[in-house]
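Coordinate inspection notes
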Amino acid sequence: MIQQFQRRYVKEDEAATILGVPPREVRRLPGLLYCRVGPRTIRYDVVDLREYRLRMPPPSNTASMLAFIRECIARHPSDGGFIYFMRCQGIVKIGWSRQPPVRHRRFRSIIPFELTLIGFTPGSKAAEQEIHKRISPLRCGHLQEWFSPTPALTEAIEALCK
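What this report covers is the structure whose coordinates are included nearby. Remember, predicted model here, so these are calculated numbers, not experimental data.

**Points about the sheet that holds strand S6 (residues 82-88)**
If you trace the four strands from one edge of the open sheet to the other, you get S8-S6-S7-S9, paired in antiparallel fashion. Of all strands in the sheet, those with a lone pairing partner are strand S8 (115-122) and strand S9 (146-147), marking the two edges. Pairing between S6 and strand S7 (residues 91-97): seven bridges, direction antiparallel. Residue pairing across strands places methionine 86 opposite lysine 93, the latter belonging to S7. Set on the sheet, helix H4 (residues 100-110) makes contact with S6, S7 and S8; between it and S8 the angle comes to about 160°.

The structure is reproduced here in structure tokens:
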């Protein structure tokens, strides 16, 4: 174990996943994490590690995007609601609702374009917000929950909602 962070422990293998390096390249000391990247050794404050991950660019392939979304959902247990995915005019909405089909009908009544409910999966509001933070570079302008669908995002959503 490295150090407690937000009532949860960050392990060396989890840190390696966050940083994108093999686990054998990660070493720890109290409060610090050392990661060897090629000839350099980089020092991270363990408390900043999760924030570092949220500033990383969104996953670029389907497998890593799907793994990221599943990890967010697993980290934040469902609170009786669902994370839903809708498509409209070539962009994707990622939101949270207790009743996604009802939310879809409400959106269809106010949006004058074709709106498709791609699917939904059990998840919490916190998981939805973490997904939004990580894929924020894909956000469509000022629209908070609407994102440009990359092939990785589209395929990950379809695999998740099967």
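Don't stop here, the text continues.
**Let's talk about the side chain of glutamate 130**
Secondary-structure assignment places glutamate 130 in helix H5 (residues 125-134). On the accessibility criterion, glutamate 130 (12% relative accessible area) is buried. Within the local environment of glutamate 130, its side chain forms a polar contact with the side chain of arginine 75, the two groups lying 2.4 Å apart. Within the structure, the side chain of glutamate 130 is placed 2.7 Å from the side chain of histidine 76, a separation counted as a polar contact.

Parameters and conventions
Residues numbered from 1 in each chain as written. Predicted model: local features only at pLDDT ≥ 70, side-chain atom pairs only at ≥ 80, totals over all residues. Heavy atoms only, no water. Pairing = 2+ DSSP bridges. Helix = DSSP H or I, 4+ residues; strand = E, 2+ residues; numbered from the N terminus. Contact = heavy atoms within 4.5 Å. Axes fitted to C-alpha atoms, helices over the stretch in contact; angles between N-to-C directions. Buried < 20%, exposed > 50% of the residue type's maximum accessible area, 1.4 Å probe, protein only. Polar contact = N/O pair within 3.5 Å; in protein donor to acceptor, adjacent residues only side chain to side chain.

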